[in-house]
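Chain and residue survey
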Amino acid sequence: MKTNLNLSIFIKRAVLFCFIFTSLLAFTLSAQSQNSLSGKYICGPCNASCDTITFNKPGICPHCQMSLLSLDSILVGYHKLYDVQSLKGDLNLYRLALEASHPALYWHVSKDSLDAAFKQSYSRLNEPMTVSEFHKVIRSLTATIGDLHMNTRLPSLYAQSQSIEGKYFPFDITYANGKGYIFNNNSDDPAIPVGSEVIKINNEPLNSITKQLFKYMIVDNNTETFKYRTLSNSFATYYNGFYGQPEWFTVELKHNGKKKTAKVKALPLNQIEQNRVRNISNNKKISSPFIPPSPNPLSLHFLPESSTAVLQIKIFSDGYIRHHGQDFASYIDSTFLEIKQRNIKNLIIDIRGNIGGSSGNGSYLFSYLTQKAFTEVQYMELRSIPLKYWSFAGVKDSNGDTIAFKKEDYTKTSEGAYRLKDYPVLQTIQPKANSFTGNVYLLIDGLVGSQASSFASLVHHFKRGILIGEETGGNYNGNTGGTWGNLTLPNSKLEIEMFVFKTVRFNDQSQESNGVKPDFTIHSSIQDKLSGKDLDLDTALKLIKHAK
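Now for a quick tour of the structure. (Residues numbered from 1 in each chain as written. Predicted model: local features only at pLDDT ≥ 70, side-chain atom pairs only at ≥ 80, totals over all residues. Heavy atoms only, no water.)

**What to know about the pattern of salt bridges**
- Going through the model one piece at a time under the given rule, you end up with 15 salt bridges.
- Taking the shortest distance from any N to any O, the salt bridge between K259 and E252 comes out at 3.9 Å.
- Linked through salt bridges whose partners overlap, the residues forming this network are R95, E99, K111 and D115. (Salt bridge = Lys/Arg side-chain N within 4 Å of Asp/Glu carboxyl O.)

**Regarding the nonpolar core**
- Core analysis: the biggest nonpolar cluster contains 49 residues, and Y94 and F134 have the highest contact counts within it.
- Secondary structure elements with two or more residues in this core: α2 (71-78), α3 (84-101), α4 (111-124), α5 (131-145), α6 (156-165), β13 (379-382), β15 (418-420) and β19 (495-504).
- Here this core takes 7 residues from α5, the largest share from any one element.
- Contacts of F134, omitting those with residues within four sequence positions, involve L87, D90, L91, L125, M129, L489, S492 and L494. (Core = buried A, V, L, I, M, F, W, Y, C linked by side-chain atoms within 4.5 Å. Buried < 20%, exposed > 50% of the residue type's maximum accessible area, 1.4 Å probe, protein only. Helix = DSSP H or I, 4+ residues; strand = E, 2+ residues; numbered from the N terminus. Contact = heavy atoms within 4.5 Å.)

**Observations concerning α2**
- Along α2, 6 of the 8 residues are buried, which leaves the element largely enclosed by surrounding structure.
- Buried within α2 are the following residues: L71, D72, I74, L75, G77 and Y78.
- Close packing links the buried residues of α2 with β1 (41-43), β2 (68-70), α5 and α6.
- The N-cap residue of α2 is S70: its side-chain oxygen and the backbone nitrogen of D72 are 3.4 Å apart. (Polar contact = N/O pair within 3.5 Å; in protein donor to acceptor, adjacent residues only side chain to side chain.)

**Thoughts on the pairing of strand β6 (residues 197-201)**
- Taken together, the 4 bridges between β6 and strand β8 (residues 248-255) define a ladder with antiparallel strand orientation. What sits directly across from V198, in β8, is L253.
- Pairing of β6 with strand β7 (residues 204-205) involves 2 bridges; the strand directions are antiparallel. Bridging across to β7, I201 finds its partner in E204. (Pairing = 2+ DSSP bridges.)

**A look at the packing of α4 against α5**
- Two elements in contact, α4 and α5, have axes separated by 10 Å at closest approach and are oriented at 175 degrees. With respect to each other, α4 and α5 are oriented roughly antiparallel. Contacts between α4 and α5 involve L114, A117, F118, S121 and R124 from the former and K136, V137, S140, L141, T144 and I145 from the latter.
- Of the residues belonging to the contact of α4 with α5, the class tally is 6 nonpolar, 3 polar and 2 charged. (Axes fitted to C-alpha atoms, helices over the stretch in contact; angles between N-to-C directions. Parallel < 35°, antiparallel > 145°, perpendicular 65-115°, else oblique. Nonpolar A, V, L, I, M, F, W, Y, C, P; charged D, E, K, R; others polar.)

**A word on empty space enclosed by the protein**
- All told, the structure shown has 1 cavity of 30 Å³ or more when counted by the stated rule.
- Looking at the largest cavity, its volume works out to about 40 Å³.
- As for the largest cavity, its lining consists of H102, A104, W107, H108, G146, D147, D220, N479 and T480.
- In terms of residue class, the lining of the largest cavity is made up of 2 nonpolar, 5 polar and 2 charged. (1 Å grid on protein atoms, 1.4 Å probe; cavity = no way out; pocket = protein on both sides within 12 Å on 5 of 7 lines; lining within 4 Å. Points joined across faces, edges and corners; volume = space filled by probe spheres on them.)

**Things to note about the side chain of H135**
- Position of H135 among the secondary structure elements: in helix α5.
- The class for H135 is buried, based on a relative accessible area of 7%.
- Setting aside residues no more than four positions away along its own chain, H135 makes contact with T152, R153, L154, F242 and L494.

**Some remarks on the pairing of strand β9 (residues 258-265)**
- Where β8 and β9 come together, 8 bridges link them in antiparallel fashion. Paired with F249 across the two strands is V264, which belongs to β9.
- Counted between consecutive antiparallel strands, the loop separating β8 from β9 contains 2 residues, among which N256 sits at a positive phi close to 55 degrees.

Encoded structure:
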């Protein structure tokens, strides 16, 4: 009895000591935080230029008229630790929402593999985490699904604060044949030459870092061409969000066969952009001599002394295209009228970097390339009606058309899904009267997704052209699409986006687990990239020349 009493007294004293210690520690950290307050204010995210501006006092944003918020209070929330029970509650809800409503949960991953990914995610929740640490768990789990149309985000204010206050790797990296090179030097040391191969960052091999970042990249089939292309555009952002946020980078480089080590400071995004402009003379690259750069999403070029035209389509989004003063349908109409008038024999269509856009635009373009009626989509189906857990911002598709989730509009399949009875993309499409009958060459790369990948699969499936470049990021047989649902996890406030229809174009089993593959796969070297040499276009021109 005496032993138990002494033990009880010891425990009480230990608890009291821990309470006093943690209170003092909290007070110390609070005092340090007060001493390091920035005193900055920002407006809430509004997708305008003022999202990146800071102000020195509270009030109203003069640009968007939103009330300004204390950046310091936002950062306190960003660094808050969430308890394990709250995080597991969020993960449980996410699993329920996926299993209830995702239209094609096991399209690109087996149930056993996804169950294993969930088990691993739960095992990672063994101690309190910040929202950014928990985001890594949710993001890697989402990437396992292999659905390009899913997305995960930090709460909007936290993401905005990080874009303003975060420090980033000060080089643009491009990948060539599996290796990473400095494409733009945006550091404070302009003497570091572009074209240098990056061997290690802070003593970690770049190859290992790349594989780690791949785990957080969301794409159909987990296609690597998409991942390399995405890191080539956004290496610093992915490193900051999913690998680390050091103040300094020690970078081991190799240039002209010689190794050297450089130590550079992590920089905020606005400073990186200023240095990118400042160092432009050091970043020696030129553009393609065949196709002059155009600020417009749609552009047409006629090659001199040739019966060849090049049609560039940077995106299929009607909203983005209209923002630049163009209209997709009318531009395509006038393009093929001019092609016919000029008696063009060879058409090169460049959709590299085209992530997709408005449904129907790919099939509209293809109707000018075929002489036979075709169907872009065989069927579209929902997992359930109603869709549980997900909220919708005006239930509309990418064209702005209302989609009503009414059971009478659907046929229930033997698997329990709800298949849409009628929709524009399900209808048979007739070829245009003045459709192009000449040779078609389609340039594709790993960033081609969604509606752009749909167009590429039409060209390949109906054998209407020669494809050149890289395997697309978007799946060959179909994708999720239609309208999207949003899920905000109640504790962490992480935001998750999911498209609600399974959209099937083809049932080609040989293409089930891949994107649209090219007939001619091109591998550009770092020298090709720096000099602006366009091997994809060169290949198309050589094929045209040899076909004569």
